[in-house]
Protein chains: 2
Amino acid sequence: MDSGPGWELWRTFGAVMRAGSLSGAARALGLTQPTAGRHIAELEAALGAGALFTRSARGLQPTETALALASEAEAMAAAAAALVRTASAPGDAICGIVRISVSEVIGAEVLPPILAALRTQHPGLMIELLLTNASSDLLRRDADLAIRMTEPRQQALLVKSVGRIRLGFYAHREYLARAASIDSAADLARHATIGFDRDAASIRSLEAAWPDLPAFALRTDNQLAQIALIRAGCGIGVMQGAIAHRDPALIPILPETFHAHLPVWIAMHEDLRSTRRMRLVFDALVDGMTAYVRTGSERQR
Amino acid sequence: MDSGPGWELWRTFGAVMRAGSLSGAARALGLTQPTAGRHIAELEAALGAGALFTRSARGLQPTETALALASEAEAMAAAAAALVRTASAPGDAICGIVRISVSEVIGAEVLPPILAALRTQHPGLMIELLLTNASSDLLRRDADLAIRMTEPRQQALLVKSVGRIRLGFYAHREYLARAASIDSAADLARHATIGFDRDAASIRSLEAAWPDLPAFALRTDNQLAQIALIRAGCGIGVMQGAIAHRDPALIPILPETFHAHLPVWIAMHEDLRSTRRMRLVFDALVDGMTAYVRTGSERQR
DNA sequence: CACTGTCCATACGATCCTGTATATCTGCTC
DNA sequence: GAGCAGATATACAGGATCGTATGGACAGTG
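Residues numbered from 1 in each chain as written. Chains lettered and ligands numbered in written order. Predicted model: local features only at pLDDT ≥ 70, side-chain atom pairs only at ≥ 80, totals over all residues. Heavy atoms only, no water.

> Can you help me understand the relation of the copies chain B and chain A in this one?
One chain copy maps onto the other through a rotation about an axis and a shift parallel to that axis. Least-squares fitting of chain B to chain A yields an RMSD of 0.1 Å, with the superposition described by an axial translation of 0.0 Å and a rotation of 180 degrees. The transformation just described matches what one would write down for a two-fold rotation axis. A shared interface surface links the copies, since 100% of the contact residues of chain B are contact residues in chain A too. (Least-squares fit on C-alpha atoms with pLDDT ≥ 70 in both. Contact = heavy atoms within 4.5 Å.)

What follows is the structure in structure tokens.
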């Protein structure tokens, strides 16, 4: 009836998987290399499933067994981090840590003013922003809240729809001044278009929206870089209308022909509903994103 | 850059939440009461969010803060348990632990022969059966595999549909011999019907399938008990056709009028796909449940 | 009211764990 | 090839952690 190895051992196991070496893991955890080594040795002995790593002078290489454990160790680490966040303040206080998972574009272009207002009202609130396009797992509590562009369908989540973001092609005035005029979709072929490089999912969804798009001249998977390229007058690219309209120098290209919509949801784990600061940030995100989405649709008229 | 309290502290925290006392937690974890007390004290000091428990001579009562942490501590414990299971054998060996979450009825009436065959072929396999009607969380890894009656819609899950289970009313021959005859649905009102007691969800789904069902005379939320009551000749109740047909003494009641179907899925976390024993048990469950579902539909013709 | 069982808090000695220091190996650079 | 940087493994002393033992508080029971 042994309930497994000490949880501390799993912590160093996860650190070793991430760092790739005992020394690196020890640095990350504030331990020393001999201690990390002892932990791994103890874990291997306790599991009895053979070695977890093959030692070398260049670090530790995980075995098959260790690789199979990696994702679960990450889940355990995520749970531990979530515990620390939730415990960072009494449940009814408006202070402590809240971790938000958003796409890079929303995080860099849209959220800052919303969060600034929130922090002015509640200086005790500490925000962790997880900027990733791969939707991280709310159930695994990689984050407390998330802004999603695909509908979350998990029943343990509290989800609220806030509308749709308008997407369109834009280019800087200066680029258009020195480039050929654009009267129809066919003209795009003579222009410098900005788009994705290897991100197959994004490329497919673009092709679905605009079937006969010419090949991109400037390619990057980083959408912030795409926006920066558009602003710098490098060519024509896709961006959110509400962001583009802030800058009068950004001109919509064939808005009647090229437009699409991204639905937006705010999501939170149900268990956090009763934690006041989580609920507050959730509501603030709903309000802020609703307002943001609305500016986009107003300007397009 | 402190990464939170020691994970061992979270382990005893969870144990204290479950046990309701330091002593109980210590017993569960193989520690002593002073150690458990020290852990909680250390945790409270590290979090700085006030007390987690109010001490009393009758045990520890969790505060609001502790209650907010309970579900996340459970998630962490589930992750730790999953790690132990996955590590219970090298990934490519057909031995080690597999944890299956199923409903009580399936677990008690349907799975045993399937699992017996599996264990005969692979004696090294160790099976943990989690018999619960509340669908436990596969993403949180409360279990490795699950047999579900509602479609799992989470993208991280590997799901396979195996057909539908036929449900119907049944009664024992001896009960029918001494009771009034049944020629139409209205006759049921004069009979001893067996059904749910307080399980609102099940009652609603029964009412949805058969709107004008008379009030149950014998009530229990335990479906195994319902089946036992039917077999003992206590009255008429709902059960899976494939189970009823094993016993020639169980007679279908108005099969044309009363019948419904429960869809069945086998589900597994995607990450486990590459673990051979998990995949093996998954396939065995798919095969076994497909065969089971088929016997039910063959006998009804 | 005493008795009993269960609980938490505290003191103290033994043990386990950790960190420091050192040896050794490997790959890279000059 | 020497020197360096970074890795793991081992030896040993100090300190943190644990378990044992004990005291006190509370609820239930005869």
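> What should I look at first to understand the protein's contact with DNA strand D in this one?
Near DNA strand D, the surroundings consist of 19 residues, among which Leu22, Ser23 and Leu60 of chain A together with Thr35 and His39 of chain B are the closest. Interatomic distance of 2.4 Å between a side-chain N/O atom of Ser23 of chain A and a phosphate oxygen of DNA strand D. The set of elements that each furnish at least two residues to the surface near DNA strand D consists of α2 (22–29), α3 (33–47), β1 (53–56) and β2 (59–62) of chain A together with α3 (33–47) of chain B. When residues of the surface near DNA strand D are assigned to their parent elements, the largest contribution, four residues, is made by α3 of chain B. Grouping the constituent residues of the surface near DNA strand D by class yields seven nonpolar, nine polar and three charged. (Near = heavy atom within 4 Å. Polar contact = N/O pair within 3.5 Å; in protein donor to acceptor, adjacent residues only side chain to side chain. Helix = DSSP H or I, 4+ residues; strand = E, 2+ residues; numbered from the N terminus. Nonpolar A, V, L, I, M, F, W, Y, C, P; charged D, E, K, R; others polar.)

> Mind showing me how you'd approach α2 of chain A here?
The α-helix winds at 3.6 residues per turn, so residues separated by three or four positions along the chain end up facing the same way. Residue and element names in this part refer to chain A. Residues of α2 that are buried include every one of Leu22, Gly24, Ala25 and Ala26, and no others. Buried residues along α2 sit against α1 (7–19), α3 and β2. Where α2 starts, the residue carrying a side-chain oxygen 2.9 Å from the main-chain nitrogen of Gly24 turns out to be Ser21. Remark: Gly30 follows α2 within two positions and exhibits a positive phi of approximately 75 degrees. (Buried < 20%, exposed > 50% of the residue type's maximum accessible area, 1.4 Å probe, protein only.)

In short, the description is geometric, and any link to function would need to be established separately.
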